[in-house]
Each structure stands twice: as structure tokens, then as C-alpha cells.
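Chains, contacts and geometry: an overview
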Number of protein chains: 4
Amino acid sequence: MSDRTAIGVGMVGYAFMGRVHSQAWRSVGAFFDLPLAPRMAVLAGRSKERTEAAAAQLGWAAAETDWRELVNRDDVQIVDICTPGDSHAEIAIAALAAGKHVICEKPLANTVAEAEAMVRAAASAPGKSMVAFNYRRVPAVALARRYVEEGRIGEIRHVRAQYLQDWIVDPEFPLVWRLQKDKAGAGALGDIGSHIVDAAEFITGQHVVGVSALTETFIKERPLAAESAGLGATGTSATGTVTVDDAALFIGRLSGGALASFEATRFAYGRKNAMRIEINGSLGSLSFDFEAMNELWFSAGGGGFERILVTEPEHPYMDAWWPPGHGLGYEHTFTHEIKDFLEAIATGADPTPSFADGLRVQRVLAAVEQSAADGSRYTNVED
Amino acid sequence: MSDRTAIGVGMVGYAFMGRVHSQAWRSVGAFFDLPLAPRMAVLAGRSKERTEAAAAQLGWAAAETDWRELVNRDDVQIVDICTPGDSHAEIAIAALAAGKHVICEKPLANTVAEAEAMVRAAASAPGKSMVAFNYRRVPAVALARRYVEEGRIGEIRHVRAQYLQDWIVDPEFPLVWRLQKDKAGAGALGDIGSHIVDAAEFITGQHVVGVSALTETFIKERPLAAESAGLGATGTSATGTVTVDDAALFIGRLSGGALASFEATRFAYGRKNAMRIEINGSLGSLSFDFEAMNELWFSAGGGGFERILVTEPEHPYMDAWWPPGHGLGYEHTFTHEIKDFLEAIATGADPTPSFADGLRVQRVLAAVEQSAADGSRYTNVED
Amino acid sequence: MSDRTAIGVGMVGYAFMGRVHSQAWRSVGAFFDLPLAPRMAVLAGRSKERTEAAAAQLGWAAAETDWRELVNRDDVQIVDICTPGDSHAEIAIAALAAGKHVICEKPLANTVAEAEAMVRAAASAPGKSMVAFNYRRVPAVALARRYVEEGRIGEIRHVRAQYLQDWIVDPEFPLVWRLQKDKAGAGALGDIGSHIVDAAEFITGQHVVGVSALTETFIKERPLAAESAGLGATGTSATGTVTVDDAALFIGRLSGGALASFEATRFAYGRKNAMRIEINGSLGSLSFDFEAMNELWFSAGGGGFERILVTEPEHPYMDAWWPPGHGLGYEHTFTHEIKDFLEAIATGADPTPSFADGLRVQRVLAAVEQSAADGSRYTNVED
Amino acid sequence: MSDRTAIGVGMVGYAFMGRVHSQAWRSVGAFFDLPLAPRMAVLAGRSKERTEAAAAQLGWAAAETDWRELVNRDDVQIVDICTPGDSHAEIAIAALAAGKHVICEKPLANTVAEAEAMVRAAASAPGKSMVAFNYRRVPAVALARRYVEEGRIGEIRHVRAQYLQDWIVDPEFPLVWRLQKDKAGAGALGDIGSHIVDAAEFITGQHVVGVSALTETFIKERPLAAESAGLGATGTSATGTVTVDDAALFIGRLSGGALASFEATRFAYGRKNAMRIEINGSLGSLSFDFEAMNELWFSAGGGGFERILVTEPEHPYMDAWWPPGHGLGYEHTFTHEIKDFLEAIATGADPTPSFADGLRVQRVLAAVEQSAADGSRYTNVED
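The rules we used
- Residues numbered from 1 in each chain as written.
- Chains lettered and ligands numbered in written order.
- Predicted model: local features only at pLDDT ≥ 70, side-chain atom pairs only at ≥ 80, totals over all residues.
- Heavy atoms only, no water.
- Salt bridge = Lys/Arg side-chain N within 4 Å of Asp/Glu carboxyl O.
- Helix = DSSP H or I, 4+ residues; strand = E, 2+ residues; numbered from the N terminus.
- Buried < 20%, exposed > 50% of the residue type's maximum accessible area, 1.4 Å probe, protein only.
- Least-squares fit on C-alpha atoms with pLDDT ≥ 70 in both.
- Contact = heavy atoms within 4.5 Å.
- Buried area = accessible area lost by both parts, 1.4 Å probe.
- Polar contact = N/O pair within 3.5 Å; in protein donor to acceptor, adjacent residues only side chain to side chain.
- Pairing = 2+ DSSP bridges.
- Axes fitted to C-alpha atoms, helices over the stretch in contact; angles between N-to-C directions.
- Domains from an automatic or database assignment.
- Core = buried A, V, L, I, M, F, W, Y, C linked by side-chain atoms within 4.5 Å.

In the annotation of an unreviewed UniProt entry, the entry for chain A reads Gfo/Idh/MocA family oxidoreductase, and the organism field reads Nonomuraea cypriaca.

Structure below.
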């Protein structure tokens, strides 16, 4: 390992996504034989004090309070963007312009226009770019893709995808940034709907070509979060308007002719992170639920579904880990993502999902919003 | 039991539905303390020989080759219609006109117009009428309804219903009557989609008020069935056109404001009779899958889902059966249906689901077909 | 069907077992093409009034208050014994002596001596005899046996069998006959432990050759049941001693070299009728739980377990029933049992499980009791 | 974090256990607010080259080829023992004598005598000591313990524990060290049986007081592993004798009166790491299977089992991790273990499981072996 080339990483943002990305950067080299040795150079955040504390805890060598400084540091070759969607485009474009490689959290941007600008920037920049749809790196999801590629389920007829959560069922849950359109771009649709669109496209190798949609905001006013209200931890009685969807349902067609249904909601009480996808083909079927992330269910030729515990060395990514039956957790999807990203950088390959893949997901989300606004009319996804 | 009033039953049709109805008529009195003792008087079918053999095997005292004779027999007070949908209206209307009680297999009819005529006939007739959406009588489904009525899941936000089968994935599967529009009215939509629409309305106590839909016929030509081709068991190379949908997907809204998604397909390889429904409310959730028909899953307040084995004496219908843990099967949904029908007749109550309930389902199916034909536009369900 | 030979049946006892046997006798001919047409001739019980009411409800043509009368009636060719274990031997031996065929509920008897007498009687009588271990006729269990016979799991290494119930966890549950040694012979061991011993022997085709055991009675005094106390429904404060085991655990060896573990208990809170068996072999494994009775789980070559929905026409007994995915219930195990018994009578074959099979189970239970009494010492099962 | 006291760690062994311990040492500080900051000072192994490579990959600052050097280094305050069981006692006793804190992989030792010596050494040494039964730190297992402590399942009647694997079903699998008594002490019994004994004692808070056992070695001769045979990767036709058990079954009693059954095997084809435990009490039941490690199943009052997704912030250890529904993996049990160990060191508390707990498990294993050798006679566990 001592003779691997070091590569400096700068990360912007240290909330949920920043914490899990940090763990991936910290761990990836201990499990995978990598051509590049990531060095956790610098973390950027707005508050000096908090950013420095986060850097210390998460293992970053330095802290910056301006992402522009980070993007231009000589000891940074990779910029990892873990901020809300409203700043993705600006940071990514600046980082690419500075010659850096960029990995950007999903959804790629809050608007199609921003995403298009990012794709253009990526196309003309020397650095590699990747959008962090981490669920592609669940070993069971990657195995599903492998089975489809090998033709084991034949021609695909149905995709049935859901992403069900329940963290805002309580009307007293506050108006956090994810419920504000200017910050988050969209609600359940953008945050979790984007994941199942990407997963459906990844596993099937097809594109969503048109959709018909319904969206809904069940709770229209919520208490302001303490921070938004300019208050301390004691809260406030002021309320604000939820400006994003609470749930989005859409049905559509894939480029290969399959019918697909999608549902993203934060109001499925009892479902915590049920990112689920089932695919039915002419030769077999596959089924996955992230709440049991180490399992892939496979039916061949109409037989019963086999529960494959995706922990065998021949399963994607799994030769790096533990003996069969010793499962992985959520964080390892990021470890795999960063491993693949580093390998792409080292070999000069284009990492996937690319910014263009992220843009395509964005266009599906835009078509969903347009259809929902337009009486659920079937709406083609822009090419 | 000896002092119960006997009531004569005549059944039309002796295929799949006829067999299971017969078992219910034969068994119901041994388990439920009924006010009326059904007498299996007569079975009608087209072929004399086959009808007589079926009557002997299934326990009917006599056989008729013309349903009109059956409908007018003095020893028949109840007419049970187990034929394909294209003859429901004619038989039911005649039976009602003859003063009989009528229980009719689902879907109520092949067209809204026929269903409307049936509802009119039922409204003015002395006899009771019922449409046989048997899944309402799965104890777990009835328990789900009870939980909703008791307010245990609160205000309903989501309904997620699927009916997945796989019996026609093989393109060599022949063009049976269920794949012909003139006989069956519709394909997966009418046959199994109708069940999940009814179940959603039953459990929630709400109506589907509008839908946006996609339908598809994956295999457009199929070998003629031996019988249709005028041939013996050796088959034929002739093919015919599938004139119904193979799959139907629709999303919509319920009268109480919930979002709903429905999928009916015969192309979900590995799913045999997966009639599934999940309902998420403001206080809890319920989930059911007919492939594990003795289980209802219930989450209270966002907690984990409890697997309720619906075999306790306090569960719907279950005090008539076995000790806890000794589950029921498909046939018992019919036993329960007939028990409820007989009780309604005896007490003068109106049995449910009524023909009007069946008509409402028919109108949902019609709205689905119209939406699918009209670019998936959101289509209101006729009142 | 009209030309089938009728065969008269007399049943002794009309409680839980009598009710489910009646349903089987009533239904079997409608589903299976039988060489013999059972006629439900006569039911015997102690109370004239209750027996007549039961006969009327369950469909028996006549009632007797003395089983000896029943056994000697000319219109009875089959005697079906559904009484507690203390009367099995006497009734069965008398019925065999009278030239009748006998089907007897399990366990075969309350003692090995009684069971031996029954086997001797069966050996010298013209009638056929069968002990009613109905779980052999769960289609999934029969399929497990078929897989073992076909060599699909190879040489058997492990059997892991449990029968878990919870109906006497409450210390206020009364001292019913099943908790009294003179009536029931044993507790959980005899009632449900016998089923898993039989199932293990049936599926593996091997015998239990020795055991080491622990038994326990957790609640040693219980309220007398109203009936036992000579009281009405209002109960009593008198208590009596539980004279049977509440739970029995034993480990042992099979004739083919496998290790086996067995557990029978009525104190597994939340488990209602969890009759479970898992078998691991050199080529694969099988797993079954009666609480999901339509499923068999099969692992080939160490791969994931496939959930086989045992509802396909090629599965045991299933071509008589419904389309795939339309499951069976508890009662159908009895329908299958009686179908097989009638076929054996008609063809002159020896039905299984035979009285000798029942005796062998009895000897295993006796070895369990002896081992438990003898410091869990490994105790050979008598040949 | 910068003001935390650093504490140096030296680890012996870098195979499976060493790899996962390393990841825990590396990660623990990023998730838990610890009073001590572990410094990964030195790794010891036999081969200089391999140890140095492992140290580089796993993040240890230095390498030693003699564990005695490691144990005496000034920059080491904690010794982490990840070697096979035959060296545990020697290393642990030396480390304790050198004033170090010691965490030792399970089973504590290969013999009761060694374990006793370790307990004596621990009792008189200033350092803290802990045996690494990591399954106690599965959040679902810790939650089960909490439920028992809170009285939620009442008085315990049954423990049903299994640890099922399948990695040596193939008779061609070589004679690795885990199959040699001199290295491993025991087979499935010591390696995985020890885990379920510890888990049963931990969750119930009771001790195993006596056992009756059967053990078996199904495959008695195996190919020598390439290394053992003094050969390269091409293998060998030489075989050697398996000197440990392949499977161990035992039943027994707990100090509180419960009945318990245990099974440890490496021959359960299709079960990869099925470490399972179910506990039935007078008020409820708990059930766990490591193959779905983020789930705990709980039945209250005989109701259905609730699937608790153990990912809520109020669940043990889970406030340090991700939002609900984002599960953990195998490695995190070690992170939790080390977090608890560091906290015990900092506060002066005695960490659990202690060496005395490890000794008690060892004595259970010894009683199992003695019973198995002695006709399965019930054998008291030494106090």
C-alpha cells in the first residue's frame, strides 16, 4: 500500500451525507486494493467552529469555511459535494473548472437547467465526475444488474419501485430544509424518488421514456425549525408553508417496452427506508428491499423466489469483506461507490452514474412534476 | 339444525368458480349456525353429460342445460351465477325478475351499461343481490377493515394495491376465454384489477374518485385453444388475437384524499396469486398479501409491523373454525361469503358488496380504460 | 361418480378432531376421483342430545351413544376414532375384530402396551388400519418427502423439529383433559411431540434410534375446568394437579446417522401452531413451518432458500384443487388423509402411517420419558 | 475530540478477526463521543513481510513479529488478541502482567484450565479485561436484553438457540486450523456454540446450569490444507484427521428454571451465519436471526410477532449512526464492543463480558463435551 499514489480529497458539507462519505474515504483502502490512496485533506463548512470540530471527529486534516478555497487548494484533487441540492451546480462547476475530479451527492441539481450546465461543464473538463446514487452499490442491487445483463430474467415487462419512509407523518415535525423548495428542489420526489428512478434505469439498462403522475402535500403548514425561526432549541409556535411534495406516484414506460410504477413518500407509517424494486421479465423476476439490504430475491422460470444472501465472495464487492452470512450495512454502499470512483480516476474510465445519468433522472423528475401539474397527462421525458 | 328453514339453491356454471362455490354451499352449515339451510337443488350448464357429471361430483341434486329453466324452478330461491362475465346481466336480471335472490361472480358485468341494468333490476326486485368479491371475506382483509373502522390507522394517506399473477407469461399459452374481450370484458384489469379496487374501497370505506392509467398487451397473438379451434386435445398451429389487456397500472385518488396505486398483471413471473394491499394512515399502517392469506401486518404509530396470525376466535369468522394457528385456505373466503349472504336473506338486510358496489368498481375500470386510451389523462370516475 | 361403490363410515367423537374429520368425509369426493364413495352413516358420542345435534350439524345420518353399537353396525365399514387417547385401543381393537377398517387419531395410544396390542390386532384383522398423523398430508410436507426420496438433499445430517404453541401460558387456564395423564397419556410430548417425530421419520425415511431428553411442567396446579368440577360455566376456585409435561426437549440420532433435535411446548408465547421442521443434507436443505403451511423452503447446494409456494398442479395433492397461489388450509390435510385411506382400502394396499408406524412413535415418546426420568441419559428406542 | 486522551493499541493477529477489529479501532472515534482516543500503534504477526503489509493496509503505525515485544511496548496500553484460541492464555496473561488492558477474542481459551488462569490473572492485574463476544453488541441483541431487563417478557420459560453455518459441507474442504483440536480447542462447539451460550446468558441474565449433549464429526478425514501440507497453492492429495466436532446439540436448564436448547453446526447447507435465538417468557417472546441482523421480533402477551427494525435513535448504539431504516452490518458489532471497552477503561468500570463470563461459557462447553462423552448424561456446569 505504501507505493500507491496519494490523492487529496476535499469534502464540502458534514451533515448526514458528509458523515457517511467520511467513513467511506477513511475505510475504503483497508478493504480494497486501490490504485490510489485517498488522503482526507480538507473539509469545508460555513461555521468555523463547527467545521473544525467535524473535521477533527471525521478525520479531515484541515477545515475551510469557504468552499471556493477548498476547490482551489493544491492538496485537493477530488471534490466531494455533500451539500443540499441548491449549491451542487455552483460548486461542481467551479471544481471542474479548477481541474478537479468531482463526486456530487444526488439529486444532481435542483433544476434541469442546473443539471444541464453541470453536464456541459463535465464534458469539457479534464476531471472525472460522478453523481452519488449510492444504492447502485448495494451488492444485492449490483447483483440484480448482473442477472439482468446475463439475461437471466429475459425481456423485462414490469418494474415496480417504491421508496417508502415515515419521518414526517407527525404534523408537528418542523419545516426543515428538505421541505423547502428553494433548498431541496423537490420533496420525496427529488430526495428518494430520484433513487428509485436511477435504480430502475441501472438495473434494467433502460430509460424511463414517459410518465403520468400524481403528487401531494398532505401537511401544508409546519412549525418552523428552531434554526429557521432564529431561535434556540426551545422551538417556536411560528409556522411556515411546505413548498415541496410529501409524496409522488407515477407510472410510465421504459425504453425497452416495460411498464413501470414508482412511488416515493415520507408518509408510509412503519416503513423506515423501504427502497424497494421488483422486476418481472419473460424468464424470471428479481425483488429487493433495502430494509433487508443483504438479500436479493430471484425467481427463475416462474418458480419460487430464492432468498439470495448476497454475502458470497462471487457477489459484487463481497470478496473484500467477511465470510458468507456476515452482512454489510448502509455505509458500505458509499465505500463501494468511492472505490469505483477511485478506480475510474486511476484507469481513465468514465465513472457511472455520470452527470449525464444524473441529468436524465432530473428530466424524469421534471416530467413527473409537469405531468402532475397537467392533469396526470402522459409526459415524455426530454432526451 | 333440523328446524332451520331450507332454502333451495341453483347454480349456473361449474368451472373453477362453480367448484369452489359448491364446496361453500356444501360446507357452510357445518361451521356456522345459520338461520337458513341451503339445499343444493340444481346445477345448470350447456352440455347435458358434463353438467350431470359435475352435479354428481359437486353434490347438486339435479342438472339443467338451460339456465332459464333453473331460474324458474320452484325449488330454487337463490341463483348463484358462476359464468363468464358476458352472461351475468342476462341471468341476474332474469333471476331477479323471477323473484330469486342472486349472488353473482365478479366482475359484475362486462360493461357499465350492463352493470347499471343489473343495479336497476336489483333495486326493484324483492330478492337480495350480492356480487361475489370474495377477498372481502379473507379474515385478514375483514380484520383490516375492522381496524380502519376502529380508527387504528387514522386518516388514510396511501393505498398501494397489486394483484400479480404469472399464468400467461409463456407466449405459447393459448387464447382462452379470459383473453377474449367479448367473453371476459377485460383482461387482468377486469379479472383481478376489479378485486383490488373492491378491496381498497372496502377496507378504506372510501371510493376511487379518479384515475390515470396505462394498460398493455405484451403478447398480442396466441395459439387458439384446442376447443376454440374446433380441434381435439392435440392442439393447433392457428393463432388468434388477444383482445384484452395483459396488465393495467393506475394511480388515483380516493374520496377521503388518499393517494392510491393499483397494478394488475398476469406477467409477474414467480407471483402466483399475490393479491396485495398496503394502507398507510396518520396513526398506523396495514399490509396484506394473499399468498400468506392467514397473516395481517399492522404497524401502530410508526412501530414495526406486527405479523398477526388471523386465526384467533376474536378475528372475523374465526370462531367457527379451528384453534389458533390452524389456518384457512382460499375456499373459505367463499364459505364466509355465503354465510353472510344467507344471514342477510334471513334478516332482510342488504348484503354487501351490493350490485351497486359492483357497478362502482365497473365504473372505476371504465375510467381506467378511458384514461389509458386518452394519454393517461386523469379521469374522474362516474358517480 | 355414480358408479362408485359406497362405503359406510362411523365416527366416534365429535369435538375438534371429529369436526375436521367430518368436513373431510363430506368434501373428499368432490375433489378427488375416488374408487369408493364414503357415506357418513353414524356418529357416536356419550350424550344422546349432543351427539344427535352434532350429527345433524356435521352431516352424519344417525347417532349412537355407545361406540360398541357403532362398531357393529352393518352400514359401517370404516370406523374413524376421534376420541382422547385413553379409548383408542379398546375401540380400535373392537372395530378390527368386527372386520372394519380403522382410522385412528394420534397418538396411537396412551401407552406402548396399548399400541402393541393395536398393532397385533391390526396384523391379524382383515380390515385396513391407519393412524392419523395428518401433517404428512400437508402438501409441503409431502413435497419435502418427495425431494428427499429423489435425493435432492443428499445424505441427511440434521433434523431440527419444533412444535410450538402457547395456549396454556396463562396459569388460570383450566385443567382440561389434555393436561391429565389418565386421559391424554402425555402432555405436549404426546399431543404435538408425536407429530414432529412422525414428520421427521416420514420425511427422512429414517427412524429415531435413541434420545436424550428433558421435560418440564411449568404450571403444576391449575383451576379445575368447570365440567371436571361438576359446575356450570361460572367456574370454580378449586384446583387440580397437572399430571403431564408442559414441554419436552430431546436430542437424538436417526437410523441413517443424522443428528436430530425436537422440542414440543405449549409455552412459546406468540407461536400458535408452529409445527416446524428443517432438514440439512449433503446436497441441500428443506425447511417448513405450518404457520405458513403452503410454503416449502428449499436450498440446493448451499444456495439461498427458495420459497416454493406449494400450490402447483405437480405438487402432491394439488391437482385436485385451485389454480396456483390459491392456498389450502388446515382441514385439507384431513381430506388428503382420507383420500389416501380410501384408495388403500380400494386397492388393498397398506395405508400409511400404519399402526406399526404409530407404535414406533409411541416407543420414541416412551424413550423420551424414560430418558427424562433417568438424568437425560441417552436411551435407545425399542425396536 | 482534540482534548481526548490518546490511548495506544497493539493488536496480535491480522486474519479475519484482525481485519474487523482494525476497522473498529479506525472508525469508533468518528461515531462515538469517546473519553479516550485510540491510537493504532502496532500490529504483531509471525511473518515480517506479511505483518508489515497488513499493518499498512489496516492502518497500524508499526509491525512486530513477536507478540512479546508488542505486549511490552510503552506506546501500547491496550492489547487486542485476535489469534487462534491456543495462544489466548499466554498472550493475555503476559499483557495483564505488563499492566495492559486486554481485549481477547472468543472463546476465551481452549481449555477450562487456561481460562481459569486468565481469570486469575485478570483479577490481580490493574488492567481491564474483556472477552470479545461481539454478538452482544448487535443492537437487536442488546435491545432483547433491555426488554428482558424491563420485564417485558416476564419469567423466562424457553431459550432456543442455534448457530448454523455450512462452510464445510463439502468433504473436499481442507483441514484448516479450525478443524484441529490443538489449535482451535473445539469445532463448531467452541467457535460458534460459545456465541450462543454467551448470548443466551447475556439476554436472559441467567446461567446455564446443566446440559445433556450429543456431538458428531460427519467428515472424519479431509485433505490437508496447502499450508499444513508444506505445499504451495496447488494442493495435495494427503489427508488428515478432523479432531474437532462438526456439530454439537445440547439441551439444558438455566439458573432461573428455563429449558434451553442449543445447536451449533457447520453442516446446515444454505444457512450461512444463522446465529439465532428465541426466548419465550410468561409475558412475551423475543426472536432474533443474525442473517437479518437489524431486526428483532417481539411478541407481547401472545400477540403476533412485531418486526422491530432496530435502527431508531432510542435503540442501543443507534443514536450514533444513520437515520431509521439505514441498517448496520457485521463490522459494527465490533465498533460497539470497542466503544464500550474504551468507556469502561476511562470510567474504571469492569467491562463485560468479563474473562469470568468467558470462563463460565468455557465451563458450559466442557460440560457439553463431558456429557457427550458420557452417554448424554445430564451434566452440571461447574460453578
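1. Some details on the pattern of salt bridges
Residue and element names in this part refer to chain A. As enumerated under the stated definition, the model contains 127 salt bridges over all chains in all. One salt bridge in this structure joins Asp-191 and Arg-178, with 3.1 Å as the shortest N-O distance. Of this pair, Asp-191 sits in helix H8 (residues 188-204) while Arg-178 sits in the loop between strand S7 (156-164) and helix H7 (181-184), and the two are 13 residues apart along the sequence. For Asp-191, a relative accessible area of 13% corresponds to the buried category.

2. Thoughts on the relation of the copies chain A and chain D
The two copies are related by a screw motion: chain A maps onto chain D through a turn of 180 degrees and a shift of 0.0 Å along the axis, at an RMSD of 0.0 Å. Look at the turn and shift together and you get a two-fold axis relating the two. Rotation axis and chain A: the residue whose C-alpha lies nearest the axis is Gly-329 of chain A, separated from it by 2.1 Å. When the interface residues of chain A are mapped onto chain D, 100% of them are again interface residues, pointing to one common binding face.

3. Some thoughts on the interface of chain A and chain D
Taken together, the 36 residues of chain A in the interface contact 36 residues of chain D. Approximately 3,100 Å² of surface area, both sides summed, lies buried where chain A meets chain D, with 55% of it carried by carbon and sulfur atoms. The interface formed by chain A and chain D holds four salt bridges in total. One salt bridge in this structure joins Arg-307 of chain D and Glu-291 of chain A, with 3.2 Å as the shortest N-O distance. Where chain A touches chain D, the interface holds 15 residue pairs in polar contact (both at pLDDT 80 or more). Elements that contribute at least two residues to the side of chain A that touches chain D include exactly helix H1 (16-31), helix H2 (48-58), strand S16 (305-309) and helix H9 (331-347) of chain A.

4. Brief notes about the interface of chain C and chain D
Facing 50 residues of chain C, the contacting portion of chain D comprises 50 residues. Roughly 3,600 Å² is buried in total at the junction of chain C and chain D, and carbon and sulfur atoms are behind 56% of that figure. Applying the counting rule to chain C against chain D returns six salt bridges. The salt bridge partner of Arg-253 of chain C is Glu-216 of chain D, with a shortest N-O separation of 2.6 Å. Joining chain C to chain D, the criterion identifies 19 residue pairs in polar contact (both at pLDDT 80 or more). Here the side of chain C that touches chain D takes six residues from strand S11 (residues 247-254) of chain C, the largest share from any one element.

5. Here we look at the environment of Ala-95 of chain D
Residues and elements named next belong to chain D. One can find Ala-95 in helix H4 (residues 88-97). Here Ala-95 falls in the buried class, since its relative accessible area comes to 0%. Sequence separation between Ala-95 and Ala-125 is 30 residues, and the spatial gap between their C-alpha atoms is 9.5 Å. Excluding its chain neighbours within four sequence positions, the residues that come into contact with Ala-95 are Val-71, Val-79, Lys-100 and Val-102.

6. Side note on the sheet that holds strand S3 (residues 62-64) of chain B
Residue and element names in this part refer to chain B. In spatial order, the strands read S3-S2-S1-S4-S5-S6; together these six strands make up an open sheet with parallel pairing. Edge positions in the sheet fall to S3 and strand S6 (129-132), since each of these pairs with one other strand and no more. Neighbour-to-neighbour, the strand axes of this sheet turn through a mean angle of 25 degrees, independent of strand direction.

7. Section: the domain arrangement of chain A
Many analyses report the size of an interface as the accessible area lost when the parts associate. Residues and elements named next belong to chain A. On domain assignment, one finds that chain A holds domain 1 (5-135) and domain 2 (138-380). Domain 1 and domain 2 are separated by 22 Å when their C-alpha centres are compared. On the side of domain 2, 51 residues touch domain 1, which itself brings 46 residues to the contact. At the boundary of domain 1 with domain 2, total buried surface from both sides reaches about 4,400 Å², with 73% on carbon and sulfur atoms. It is Met-130, Phe-133 and Tyr-135 that lose the most area in domain 1 upon contact with domain 2, and together they represent 21% of the buried surface on that side. The tally of links from domain 1 across to domain 2 stands at three salt bridges. Its salt-bridge partner being Glu-116, residue Arg-363 comes within 2.8 Å of it at the nearest N-O pair. Linking domain 1 with domain 2 are 15 residue pairs in polar contact (both at pLDDT 80 or more), by the criterion used here. Elements supplying a minimum of two residues to the side of domain 1 that touches domain 2: H1, strand S2 (36-44), helix H4 (88-97), strand S5 (101-105), helix H5 (112-124) and strand S6 (129-132).

8. Concerning the side chain of Asp-191 of chain D
A distance of 2.9 Å separates a polar atom in the side chain of Asp-191 of chain D from a polar atom in the side chain of Arg-266 of chain D. Setting aside its immediate chain neighbours within four residues, Asp-191 of chain D contacts Lys-106, Arg-178 and Arg-266 of chain D.

9. A word on the nonpolar core
Counting 235 residues, the largest nonpolar core has Phe-288 and Phe-355 of chain A together with Phe-288 and Phe-355 of chain D as the members making the most contacts within it. Residue contacts for Phe-288 of chain A: discarding those within four places in its chain leaves Val-138, Ala-140, Val-141, Met-275, Arg-276, Ile-277, Met-293, Glu-295 and Leu-296 of chain A. Grouped together as the second largest cluster of nonpolar side chains are 233 residues, Ala-95 and Val-211 of chain B together with Ile-7 and Ala-200 of chain C included.

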